[in-house]
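Listed below, chain by chain, are the residues.
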Amino acid sequence: MAEVKASLACGVIAAFLSSAVLAFVEDLDDTFKDTRVNDVWLVDFYAPWCGYCKKLEPIWHEVGAELKSSGSPVRVGKMDATAYSGMASEFGVRGYPTIKLLKGDLAYNYKGPRTKDDIVEFANRVAGPAVRALPSKQMFEHMMKRHDVLFVYVGGDSPLKEKYNDAASELIVYTYFFSASEEALPESVSLPELPAVVVFKDGGYFTYDGKLVAIAIIDEKDPTEESGRLKTLMQRVAKEYREHFNRDFQFGHMDGNDYINSLIMGEVTVPSVIILNTSNEQYFLPSEPIESMEQLVQFISSVLNGSAQAYGGDGIIQRIKRVAFDARSTIMSVFRSSPLLGCFLFGLPLGVISLMCYGICTAESDDGSDDIDAPKREGLTDEEEEEEEEERQRAAALEGPEEEDEDVGEKDPEEKKTD
């Protein structure tokens, strides 16, 4: 009897704990669109039949419990994307599971490892401000110990700060961005001018000044042997050729090609290598696949000496292309997120314009001389009408003899003799 009571108590406790954990993750429906605006949400869009979604489910509940217990403002939810396909399409869901952090009007995709710690770190990073302040040297040193790479803006308000904030808002999914006063920097850091963007890495620091950026574009979510090889090559060149390229180049790797595609208004294969000129928006692509470190060094050198083919730029034509590209991207995103709304917004004006053009082109016209002359006669006085009538009679009188002469000329010779 005692064993039965103990097992029953354990079952009740387990059920209570299970319900408590599940309470940290909210099931979302089609009312979510209207109620989410004032909160930051981390949402898992799933399909009931998806094996990866089932594997993520217990991890997702751990994420909800972790964020709740830590006092994070991020609310965690999940939505059946097959039951609410319209809502999922509006948020740009094209596969399962899709993890998104929704913050105001912005939606950030999570593409990292599907582990509790990685997802929680992503949520805390993106939910906070895009640029975090470092108010003291102690805080600066603490962040230096926590991060392998540190991006810091130093200085007051400026156009550079606006660009830095825009970049931080878009790239916060990859890393942290900070700002600091000159007094908060370590004494070993000396900046030639302010404002400045400084990158701290490998015990040193580099000042952003519109350098060329060499990037290995790889897929870290589903890494391949080729992605790993290009990433290693880029790291070796950055380390072994630092003295040759450090003054003009910065090196790195990027997960996926979404950002690069929007930047160059084209499609870059994954994995691949690209070099960006951040001062004039030009970019360079290798003429052949990079197979060795020697080829990568040769490609970088060709960009440096000006022999490599440059694409893009910031000229008038490129600016026009950028406007057209942004407009097309906006239209496509509207149609992908909500096809019916896209058809209404763009189809209705086009339909009205088409009907107007059709009406203009098919308007009937009467070529009758009476109808053409009628408007001319309107407004004429009686004297002017009599003058017109006399002119017509004179014209008819002049035409009469000519017709008679023609008739005479057509008489037979016998008739002429008779006359």
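Cut-offs and rules
- Residues numbered from 1 in each chain as written.
- Predicted model: local features only at pLDDT ≥ 70, side-chain atom pairs only at ≥ 80, totals over all residues.
- Heavy atoms only, no water.
- pLDDT = per-residue confidence, 0-100.
- Contact = heavy atoms within 4.5 Å.
- Helix = DSSP H or I, 4+ residues; strand = E, 2+ residues; numbered from the N terminus.
- Expected span 1.5 Å × (residues − 1).
- Buried < 20%, exposed > 50% of the residue type's maximum accessible area, 1.4 Å probe, protein only.
- Arc of directions from axis to C-beta.
- Phe/Tyr/Trp six-rings, centres within 6.5 Å; stacked < 30°, edge-to-face > 60°.
- Lys NZ or Arg CZ within 6 Å of the ring centre and 35° of its normal.
- Salt bridge = Lys/Arg side-chain N within 4 Å of Asp/Glu carboxyl O.
- Pairing = 2+ DSSP bridges.
- Axes fitted to C-alpha atoms, helices over the stretch in contact; angles between N-to-C directions.

All right, on to the confidence of the model for the chain then. Per-chain confidence: the chain averages 78 in pLDDT, with 78% of residues scoring 70 or above. A low-confidence stretch, residues 8–22 (pLDDT under 50), is modelled with 2 contacts involving residues beyond four sequence positions or located in other chains. Residue range residues 415–419 is modelled with pLDDT below 50. Its contacts to residues more than four positions away, or to other chains, number 2 contacts.

Here helix H8 (residues 225–240) spans 22 Å end to end across 16 residues, near enough to the 22 Å set by a 1.5 Å rise per residue. Residues of H8 that are buried: Ser227, Leu230, Leu233, Met234 and Val237. On an axial view of H8, the arc spanned by its buried residues comes to 130°, and they lie on one face. Of the exposed residues in H8, those oriented more than 90 degrees away from the buried face are Glu225 and Lys239.

Scanning all chains against the criterion turns up 16 aromatic pairs. An aromatic cluster is defined as three or more aromatic residues linked by ring pairs; in this entry it consists of Phe32, Trp41, Phe45 and Phe91. Lying over the aromatic face of Tyr176, Arg125 brings its terminal NZ or CZ to 5.6 Å of the ring centre.

On to the pattern of salt bridges. The final tally for this structure, using the stated rule, is 12 salt bridges. Notably, a salt bridge pairs Lys78 with Glu57, separated by 3.8 Å at the nearest N-O pair. A residue pair is termed long-range when its members are at least 10 positions apart, and Lys78 in strand E3 (residues 74–80) and Glu57 in helix H3 (residues 51–69) qualify at 21 residues. Here Glu57 falls in the partly exposed class, since its relative accessible area comes to 37%. Each of Glu26, Asp39 and Arg75 takes part in a single network of salt bridges with overlapping partners.

The subject of this paragraph is the sheet that holds strand E15 (residues 311–312). Pairing is mixed in the open sheet, where 5 strands are placed in the order E12-E11-E13-E14-E15. For this open sheet the edge positions go to strand E12 (249–255) and E15, each flanked by a neighbour on one side alone. In terms of strand pairing, strand E14 (residues 282–284) meets E15 through 2 bridges, oriented antiparallel. Note on E15: the bridge partner recorded for Gln282 is Gly312. Sitting on the sheet, H8 touches strand E11 (212–218), E12 and strand E13 (272–277), and the angle it makes with E11 is about 155°. With respect to the sheet, helix H11 (residues 293–305) is in contact with E11, E12, E13 and E14, its orientation differing from that of E13 by roughly 20°.

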